[in-house]
Amino acid sequence: MLDREDPERDLTDLVVPEIGRLAETGDPWEPYRLFDPEGVLVLSVAAYFAELQASGKPATTIRSYGLDLLRWYRFLWVLEIEWDRATQSEARDFARWMQVADKPVRVHWRHRGKAPTAEISESSGRAKPAPGTPNPVTGKPSPGTKYAASTRAHCETAVRLFYDFHLEEGTGPVVNPFPLHRSRRTGRANAHHNPLDPFKRERTGRYRPKIPKCPPRRIPDELFNELFARLKYNRDRALLAFWVSTGARAEGLLTALQRDALPGQQLIGIILKGSREYRQAPASPDAFVWLRLSQQEEWERGVPRGRNQPLWWTLRRPWRPLEYPAARAMFDRANELLGSYWTLHDLRHTAAYRMARDPKMPLTDVQWVLGHEQLSTTQIYLPAGQDEVIQNVLDHHARRAAQSVPQPAASPAPGYDPSSLNVLFGGG
């Protein structure tokens, strides 16, 4: 509870350094560990990670929650407050700090320890645009200097669930520092739910920001062809062809093994997010052509070959399975050459738009391909994309401008008497 005798905490000059760390262990029993500034394991977070793993959460979810908890613990370490002594006052100040504070600037490992200079793209030589500037090709703004609303919402949820766990275990504070919204504190969630309507998320945190709803962005066909042409290696071409034809998430496709690719049936095995279900997804024929060319080149260079070996590998020694950060870096380099700002997830949106806008493909089939639990999630791809809407509106204005120009009256064809036409049509 806030002490009315003490003034509110001044956050103007508060600096939260990057102390502590979230380390990947490679241990399947404990994939991630959170350490304090002295290098000591944070036991409260370790117990929560074990709970997440027991609940069936993948390692990627544990990492995502761990980064949010690390941000919260850094805030408490600066204030010199123990995690189990935090109150609603600290939670409120943390929410305010995330709204106003700048994100930490991550320096590439090649430039660490060097004098700060203007960020220049190594491949194109162009200076990077200012944060938050809309991209001239995609229209999508680049990441800003502040924490996005989605980041703040995810962080609030992760920390609130962390304290809910310790509240049930009896190992934390007796009151959750991150309370629910005042209108949702009492009563049962969805108490008067209509069975015909979808369930609403009524357990909203008080300090959870509202996330603006943005329509999914697709890559237009002409821009995708230009982006595809900028790729240098057959492996990268095969990856893009599979992503844009299967609609699979980037991580799901990267986990495929060599036995999962079936060119004769045009199927490739992927792992769905959330349920971790293994599913064979149909892909385009050209994707398997690029894959075969890539595999032939890799095997000649000495990449491991076998049914149980990973399907995607790095291009240089030592040979390692291709992971998401390296795939994203490959796609970013192609973006820099084009001057665009697409993401790997935009390829999934592009595939969904292509399939959903096909009149001969049922929407339920698109739902199965994308792995959506609700059909309403797939329906967001039915409306036209932003680029199509903009072009339709511009065409509308062009037609209106053409109609406003007075057109000369058409003269009758030769052989017709004008007086007879006036009598017939009522002319002057």
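A brief look at the structure comes next. (Residues numbered from 1 in each chain as written. Predicted model: local features only at pLDDT ≥ 70, side-chain atom pairs only at ≥ 80, totals over all residues. Heavy atoms only, no water.)

Helix and strand counts for the protein chain stand at 14 helices and five strands. By residue count, 36% of the 428 residues in the protein chain fall in the buried class. When contacts within the protein chain are restricted to residue pairs at least 6 apart in sequence, long-range pairs at least 24 apart make up 60% of them. Surface exposure of the protein chain reaches about 27,000 Å², of which carbon and sulfur atoms provide 54%. (Helix = DSSP H or I, 4+ residues; strand = E, 2+ residues; numbered from the N terminus. Buried < 20%, exposed > 50% of the residue type's maximum accessible area, 1.4 Å probe, protein only. Contact = heavy atoms within 4.5 Å. Areas by Shrake-Rupley, 256 points an atom, 1.4 Å probe, with all protein chains shown as cover.)

Its location among the elements puts A130 in the loop between α3 (88-100) and α4 (149-169). The class for A130 is partly exposed, based on a relative accessible area of 45%. Each C-alpha atom, one on A130 and one on G144, is 8.3 Å from the other, the two residues being 14 residues apart in sequence.

Our focus in this paragraph is the pairing of strand β5 (residues 278-282). On any regular strand, side chains alternate: one points to one face of the sheet, the next to the other face. Here β5 shows a clear split, with R279 and A281 buried on one side and none of Y278, Q280 and P282 buried on the other. Two elements, strand β4 (residues 267-271) and β5, share five bridges in a ladder whose sense is antiparallel. Bridge pairing in β5 places L267 opposite P282. (Pairing = 2+ DSSP bridges.)

Our next topic: empty space enclosed by the protein. Evaluated as defined, the whole model comprises one cavity of 30 Å³ or more. Forming the boundary of the largest cavity are F94, A95, M98, Q99, R152, E156, F178, Y207 and P209. Elements with a contribution of two residues or more to the lining of the largest cavity: α3 and α4. A per-element tally of the lining of the largest cavity places α3 first, with four residues. The residue makeup of the lining of the largest cavity, split by class, is six nonpolar, one polar and two charged. (1 Å grid on protein atoms, 1.4 Å probe; cavity = no way out; pocket = protein on both sides within 12 Å on 5 of 7 lines; lining within 4 Å. Points joined across faces, edges and corners; volume = space filled by probe spheres on them. Nonpolar A, V, L, I, M, F, W, Y, C, P; charged D, E, K, R; others polar.)

Looking now at the sheet that holds β5. Taken in spatial order, the three strands of this open sheet run β3-β4-β5, and their pairing is antiparallel. The open sheet has two edge strands, β3 (261-262) and β5, and neither has a second partner.

What follows deals with the side chain of R71. With respect to the secondary-structure elements, R71 resides in helix α2 (residues 59-79). Look at R71 and you get buried, because its relative accessible area is 17%. Sequence-distant contacts of R71, defined by excluding residues within four places in its chain, comprise F94, W97, M98, Y147, T151 and C155.

Looking now at α2. In this model, α2 (21 residues) spans 30 Å end to end at C-alpha, consistent with the 30 Å of a helix rising 1.5 Å per residue. For α2, the full list of buried residues reads I62, Y65, G66, D68, L69, L70, R71, W72, Y73, R74, F75 and L76. Tucked into the core, α2 has its buried residues touching β1 (21-27), β2 (30-35), α1 (43-54), α3 and α4. A positive backbone phi angle near 60° is found at E80, which sits one or two residues after α2. (Expected span 1.5 Å × (residues − 1).)

Under the defined criterion, the tally for this structure stands at 21 aromatic pairs. Consider the rings of W72 and Y163, whose centres lie 6.3 Å apart with planes at 85°: the pair is edge-to-face. Of the two residues, W72 is situated in helix α2 and Y163 in helix α4; the sequence distance between them amounts to 91 residues. With a centroid separation of 5.6 Å and 55° between ring planes, the pair formed by W83 and F162 is classed as tilted. Of this pair, W83 sits in the loop between α2 and α3 while F162 sits in helix α4, placing them 79 residues apart in sequence. (Phe/Tyr/Trp six-rings, centres within 6.5 Å; stacked < 30°, edge-to-face > 60°.)

Before going further, it helps to spend a moment on the nonpolar core. In terms of nonpolar packing, the biggest core is built from 38 residues, with L240, F242, W243 and W312 touching the most fellow members. Within the residue set of this core, elements represented by two or more residues are α5 (221-229), α6 (234-246), α7 (250-254), β4, α8 (285-301), α9 (324-338) and α10 (344-356). Take this core: its biggest share by element is seven residues, from α6. Apart from the residues lying within four places of it in its own chain, the contact partners of F242 are G247, L253, I268, A283, A287, F288, L291 and W312. In this structure, V45, L69, L70 and W97 belong to the second largest nonpolar core, which totals 37 residues. (Core = buried A, V, L, I, M, F, W, Y, C linked by side-chain atoms within 4.5 Å.)

Further remarks concern the packing of α5 against α9. Where α5 contacts α9, the two axes come as close as 9 Å, and the packing angle between them is 110°. Here α5 lies roughly perpendicular to α9, going by the angle between them. For the pair α5 and α9, the sense of crossing is right-handed. Facing L223, E226 and L227 of α5, the residues of α9 in contact are F331, A334, N335 and L338. Of the residues belonging to the contact of α5 with α9, the class tally is five nonpolar, one polar and one charged. (Axes fitted to C-alpha atoms, helices over the stretch in contact; angles between N-to-C directions. Parallel < 35°, antiparallel > 145°, perpendicular 65-115°, else oblique. Left-handed = near helix turned anticlockwise from the far one by under 90°.)

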